[in-house]
Amino acid sequence: DARKIWAFGPDGTGCNFLIDATKGAQFLSEIKDHVDSGFQWATREGPLAEEQCRSVIMRLLDITLHADAIHRGSGQLMPAARKVTLASILTGKPTLLEPFYLADIS
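Everything numeric here is computed off the predicted structure, so don't read it as measured data.

Student: Just to check I follow, could you spell out a nonpolar patch on the surface for this structure?
Tutor: Together, Leu48, Leu90 and Leu96 line one region of the surface with nonpolar side chains, adding up to about 300 Å² of accessible area. Relative to the helices and strands, Leu48 resides in the loop between α1 (28–44) and β3 (57–60). Take Leu48: its relative accessible area is 44%, and that puts it in the partly exposed class.

Student: Help me understand unusual backbone geometry in this model?
Tutor: What is expected of a backbone is that most residues other than glycine have negative phi and most peptide bonds are trans. Across the junction of Gly9 and Pro10, the peptide omega takes the value -5 degrees, indicating a cis bond. Tracing the chain through its elements places Pro10 in the loop between β1 (5–9) and β2 (16–20). One non-glycine residue, Ser55, lies in the positive phi region at around 65 degrees. Turning to its location among the elements, Ser55 is positioned in the loop between α1 and β3. The class of Ser55 is exposed, set by a relative accessible area of 63%. Positive phi, normally seen in glycine, also occurs at Lys93, with a value near 55 degrees. For Lys93, the location among the structural elements is in the segment after α2 (74–91).

What counts, and where the lines are drawn
Residue indices follow the written sequence of each chain, beginning from 1 at its first position. Local features in a predicted model are, by the rule used here, given only for residues with pLDDT of at least 70; side-chain atom pairs are given and counted only at 80 or more, and totals for whole chains, interfaces and linings are based on all residues. Side-chain calculation: all heavy atoms of the structure are included, whereas hydrogens and water are not. Patch building starts from residues that exceed 30% relative accessible area and form no salt bridge, then joins like charges within 9 Å and nonpolar side chains (Val, Leu, Ile, Met, Phe, Trp, Tyr) within 5 Å. Surface accessibility follows the Shrake-Rupley procedure with a 1.4 Å probe radius. Residue values consider only the protein chains on display as shielding. Salt bridges are defined as contacts in which a side-chain nitrogen from Lys or Arg sits within 4 Å of a carboxyl oxygen from Asp or Glu. Helical segments are the DSSP runs of H or I of at least four residues, strand segments are the runs of E of at least two, and each set is numbered from the N terminus. Residue exposure (1.4 Å probe, protein chains only): buried if accessible area is under 20% of the type maximum, exposed if over 50%, otherwise partly exposed.

Right, here's the structure in full:
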């Protein structure tokens, strides 16, 4: 469902997706920006060589949050979202691509 796409990454324009696939989770509107920032951070600086990630689809399946709103701030959620994204990428066996350059010599 297109309404469940939270973000494109990195920098909001890349080819990576953050998708909300939760059912009945609470407080999602409060944490959406923080999780998105952690996802942007992780896809901008990938797990292998701190290079941008390509073709990553991150689905948020389930979430358990603290009842107290003070524990749902950016200081707690952004690093956690980044670490979860990087760990998920590493479980998918990522590879490094060799860069190539096109030079026109005249």
